[in-house]
Amino acid sequence: MTHLLRMIVEPGFFANQPVRVALLAGGVVALVSGVVGMFTVLRGQAFAGHALADLGATGGSGAFLIGVNPLWGFVGIGVAAAGVMEAIGIRRPRGRDVATGIVLGAGLGLAALFLYWDATVTNTTGATLSVLFGSMFVISGSTVPFIAALSALALAVVVLLYRPLLLSSVSTDMATVRGVAVRATGTAYLLAMAVAVSLAALTIGAILSTALLIGPAATALRLTSRTGLAVLWSGLIGVAATWLGILLAWDSFYWPPVRHGWPVSFFVVTLVFLFYLIAQLPAVGRIGRARARQARTGG
Amino acid sequence: MTMAQQVTGDADMLAVDGVSVRLGGREVLRDVGFAIRAGEFVGLIGSNGAGKTTLLRVILGLQQPSSGTVRIDGAGHSRHSPAIGYVPQKVLLDPDMPVRARDLVGLGLDGHRLGIPLPSRGRGQLIDEMLRAVGAAEFGNERVGNLSGGEQQRVLIAHALISRPRLLLLDEPLANLDIRSEQEIVELLASIAREQRISVLISAHEMNPLLPVMDRVVYLAAGRAASGTTDEVVRTDVLSKLYGQHVDVIHLHGRILVVAGRGEGPAETIGDDGAHCDARAAADWR
């Protein structure tokens, strides 16, 4: 038993300081992404979420260029992009996609320039890799409080606006008639989403953070019909994928080809996808359907 | 009986007076006026594009009229009036979205509140009661997106009624329903209006399913309205004036057909989806 455990959890895992920071920061960020992401899926804003995630690359690479903690680059650009998207018409579905596309295109152009300068002018080797694919194991301990505070902020927005968000994603007219400030609610949510993907950009990378936003939520949809439970599942699936991913990355240190460990982001994203596939299995679907039938006949 | 009947009386639950709406330079509603008393069941009848949805949006405060006033229960209008329950034409929920019927009904109670709804016995009982009242108890735990059109309408009606409004507005609730669900929904609404003295304003492009239960009709055509009892409004002279062209009103086995044209060439009916079809096809109407 101990032997088996030792095989799965290589010695030194929990004693390692970067691993502990990664487990803590990665876990918190995954929880926030999962919870926020459930509403992204409910509201049909996956494209906006993906755009905000990708744009993190612009902020992150810019931050490296001027020597600032990349977290502020990610968050700063995310919030700014959310503001611009809101301003040029994210309200109507089509205007929303167009606005998102325009901002995304412009932002990624800048990212190309910044990443080029990072690599050539300031000679920050590794900047590209860590901006695009994350830096879970090199998060400095001093950054953790900020990560926690921003996470708490994004979570608080979603918890506070839980009902207005849900109702306005069912029908904006119904929500308005019920007294919901639909526009303000949407703006607040967009900002929370920007913060969530910015944090995930720090851990698993700007272009992979979409996976933590959408994947767990898409998986949770299959597991329950209860909104609250789905939100919870989504958060937990994100955390599970992240923690398992960290473990596998640690274990992979002696794996071929380079015997230097595989990237943790690869494991996290692959696990998210694997969970999604498992949830699509007919057997899992049958459980859901049987529950629905039971509810129907059993009253 | 005038085109824009003047509104009167303090007992009116809803009073619409001289409402005009211009949207993008086009006059969608012109000097529309009518009133609904407590417990009255009123049909808002007109073809697609006649301005039914716009009128409902003005009453709800979702659309600002260019002129005219709307008074609800004698009071001036605010954007969110607790006296109004609203059932939209449709909701945007895919079948796989985890929102159950009872969740949506619960949001009718406190969807505007901040924070997560705490499971309380009182809230749960109220939701169960409402689901039973609209005949939706057996699918209360199913996802809204998985329900049939008729089942969804029941859930939306429960959502609107749970906050105990005194005026219920419904936007084309009978569209896309099969005949049986259509009758069931009409009967449900009629009994709600009767038993709870809730005023009901229901829009429809087809008036026949509503004939047995309607107290009065507001007929919209080309942005103008005529209101009164069915016999007062759905007449050849009144509707011809409203449409600005000659139309015939034909009674057939207890149903009413509104037919355009004066007999030269094939007659056309006005109504269903704004489409024009010949009188023979119209005879097949429900």
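Residues numbered from 1 in each chain as written. Chains lettered and ligands numbered in written order. Predicted model: local features only at pLDDT ≥ 70, side-chain atom pairs only at ≥ 80, totals over all residues.

### Considering the overall build of chain B
Step number 1: The helix and strand tally for chain B stands at eight helices and twelve strands.
Step number 2: Classification of the 286 residues of chain B by burial places 44% in the buried group.
Step number 3: Long-range contacts, defined here as pairs at least 24 residues apart, represent 62% of the contacts in chain B between residues at least 6 apart. (Helix = DSSP H or I, 4+ residues; strand = E, 2+ residues; numbered from the N terminus. Buried ≥ 20, exposed ≤ 12 C-beta atoms within 10 Å, placed from the backbone. Contact = placed C-beta atoms within 7 Å.)

### Structural notes on the overall build of chain A
Step number 1: Looking only at helices and strands, one finds 14 helices and zero strands in chain A.
Step number 2: Pairs at least 24 residues apart make up 74% of the contacts formed inside chain A by residues separated by at least 6 positions.

### Some thoughts on the nonpolar core
Step number 1: Counting residues in each nonpolar core, the largest one holds 174 residues, and the members touching the most others are Val 36, Leu 52 and Ala 196 of chain A together with Leu 14, Ala 158, Leu 169 and Tyr 219 of chain B.
Step number 2: With 14 residues, the top contributor of residues to this core is helix 2 (residues 17-42) of chain A.
Step number 3: Leaving out residues up to four positions away in the same chain, Ala 158 of chain B has contacts with Val 105, Met 130, Leu 131, Val 134 and Ala 136 of chain B. (Core = buried A, V, L, I, M, F, W, Y, C linked by C-beta atoms within 7 Å.)

### Points about the packing of helix 3 (residues 46-66) of chain A against helix 11 (residues 209-223) of chain A
All names here are of chain A.
Step number 1: Where helix 3 contacts helix 11, the axes come no closer than 8 Å and their chain directions differ by 155°. Taken together, the axes of helix 3 and helix 11 lie roughly antiparallel to each other. Relative to helix 11, helix 3 is oriented so that their crossing is right-handed. Within the contact between the two elements, helix 3 uses Ala 46, Gly 49, His 50, Ala 53 and Gly 56 and helix 11 uses Ser 209, Thr 210, Leu 213 and Ile 214.
Step number 2: For the contact of helix 3 with helix 11, the per-class residue count stands at four nonpolar, five polar and no charged. (Axes fitted to C-alpha atoms, helices over the stretch in contact; angles between N-to-C directions. Parallel < 35°, antiparallel > 145°, perpendicular 65-115°, else oblique. Left-handed = near helix turned anticlockwise from the far one by under 90°. Nonpolar A, V, L, I, M, F, W, Y, C, P; charged D, E, K, R; others polar.)

### Description of the interface of chain A and chain B
For an interface, size is often stated in terms of accessible area lost upon the parts coming together.
Step number 1: Counting from both sides, the interface comprises 30 residues of chain A and, opposite them, 31 residues of chain B.
Step number 2: Looking at the side of chain A that touches chain B, the elements that each hand over two or more residues are helix 7 (144-160), helix 8 (162-170), helix 9 (172-177), helix 12 (227-251) and helix 14 (282-298) of chain A.
Step number 3: Among the elements that take part in the side of chain A that touches chain B, helix 8 of chain A stands out by supplying six residues, more than any other.
Step number 4: The class makeup of the residues in the side of chain A that touches chain B is 17 nonpolar, eight polar and five charged.

### Here we look at the pairing of strand 7 (residues 199-204) of chain B
Residue and element names in this part refer to chain B.
Step number 1: Within strand 7, six of the six residues are buried, which leaves it mostly tucked inside the rest of the structure.
Step number 2: Residues Ser 199, Leu 201 and Ser 203 of strand 7 are buried on one face, and the alternating residues Val 200, Ile 202 and Ala 204, pointing to the opposite face, are buried as well.
Step number 3: Relative to strand 7, strand 3 (residues 41-45) runs parallel, the two being bridged by five bridges. Within strand 7, the position partnered with Ile 45 by the bridge is Ala 204.
Step number 4: Bridge count for strand 6 (residues 167-170) against strand 7 is four bridges, and the pairing is parallel. If you follow Leu 167 over to strand 7, its bridge partner there is Ser 199.
Step number 5: For the crossover from strand 6 across helix 5 (residues 179-196) to strand 7, the handedness is right-handed. (Pairing = 2+ DSSP bridges. Right-handed = clockwise from strand over helix to strand, strands pointing away.)

### Describing the sheet that holds strand 2 (residues 26-37) of chain B
Residues and elements named next belong to chain B.
Step number 1: With antiparallel pairing, three strands are arranged side by side in an open sheet as 2-1-4. The sheet is open, and its two edges are formed by strand 2 and strand 4 (67-72), each paired on a single side. Strand-to-strand, the axes of this sheet are offset by a mean angle of 15°, without reference to chain direction.
Step number 2: Bridge count between strand 1 (residues 12-23) and strand 2: eight bridges; the pairing is antiparallel. Paired with Asp 12 across the strands is Arg 37, a residue of strand 2.
Step number 3: Helix 1 (residues 52-60) contacts strand 1, strand 2 and strand 4 of the sheet and is inclined by roughly 120° relative to strand 1.

### A word on the sheet that holds strand 7 of chain B
Residue and element names in this part refer to chain B.
Step number 1: Taken in spatial order, the six strands make up an open sheet running 5-6-7-3-8-9, and their pairing is mixed. Unpaired on one side and paired on the other, strand 5 (84-87) and strand 9 (224-228) mark the two borders of the sheet. Each strand of the sheet is rotated relative to its neighbour by a mean of 15°, with strand direction disregarded.

### Brief notes about helix 2 (residues 101-110) of chain B
Step number 1: With respect to burial, helix 2 of chain B is a largely interior element, eight of its ten residues being buried.
Step number 2: Among the residues of helix 2 of chain B, Ala 101, Arg 102, Asp 103, Leu 104, Val 105, Gly 106, Leu 107 and Gly 108 of chain B are the ones counted as buried.
Step number 3: Packed against the buried residues of helix 2 of chain B are helix 8 and helix 12 of chain A together with helix 3 (121-133) and helix 4 (149-161) of chain B.

### Remarks on unusual backbone geometry
Step number 1: In this model, Pro 256 of chain A is joined to Pro 257 of chain A through a cis peptide bond whose omega is 5°.
Step number 2: Of note, Pro 257 of chain A is situated in the loop between helix 12 and helix 13 (264-280).
Step number 3: Residues other than glycine seldom take positive phi values, yet Asp 31 of chain B does so here, at roughly 50°.
Step number 4: Its place among the elements puts Asp 31 of chain B in strand 2.
Step number 5: Residue Asn 176 of chain B is not a glycine yet carries a positive backbone phi of 65°.
Step number 6: Its place among the elements puts Asn 176 of chain B in the loop between strand 6 and helix 5.

### Describing the confidence of the model for chain B
Detailed reading of the predicted model is not advised wherever pLDDT is low.
Residue and element names in this part refer to chain B.
Step number 1: Averaged over chain B, the pLDDT score is 84; the fraction of residues at 70 or greater is 86%.
Step number 2: pLDDT under 50 marks residues 272-286. Its contacts with residues more than four places away, or in other chains, come to 30 contacts.
Step number 3: Here the complex is predicted with pTM 0.85, and the ipTM for its interfaces comes to 0.84. (pLDDT = per-residue confidence, 0-100.)

### Things to note about helix 4 of chain B
Every α-helix winds through 3.6 residues per turn, so residues three or four apart in the chain are directed the same way.
All names here are of chain B.
Step number 1: Taking 1.5 Å as the rise per residue, helix 4 with 13 residues should run 18 Å; its terminal C-alpha atoms sit 18 Å apart, in good agreement.
Step number 2: With ten of 13 residues buried, helix 4 lies mostly within the body of the structure.
Step number 3: Taken residue by residue, helix 4 has Gln 152, Gln 153, Arg 154, Val 155, Leu 156, Ile 157, Ala 158, His 159, Ala 160 and Leu 161 as its buried positions.
Step number 4: Buried residues in helix 4 make contact with strand 5, helix 2, helix 3, strand 6 and helix 5. (Expected span 1.5 Å × (residues − 1).)

### Some remarks on the environment of Ser 142 of chain A
Residue and element names in this part refer to chain A.
Step number 1: By the secondary structure assignment, Ser 142 is in the loop between helix 6 (127-133) and helix 7.
Step number 2: Given 8 C-beta atoms within 10 Å, Ser 142 falls into the exposed group.
Step number 3: Counting along the chain gives 22 residues from Ser 142 to Thr 120, while the straight-line C-alpha distance between them is 29 Å.

### Some remarks on the environment of Arg 57 of chain B
Residue and element names in this part refer to chain B.
Step number 1: By secondary structure assignment, the location of Arg 57 is in helix 1.
Step number 2: Between the C-alpha atoms of Arg 57 and Asp 171, which are 114 residues apart in sequence, the distance is 9.5 Å.
Step number 3: In this structure Arg 57 touches Leu 62 and Gln 63, once residues within four positions along its chain are discounted.

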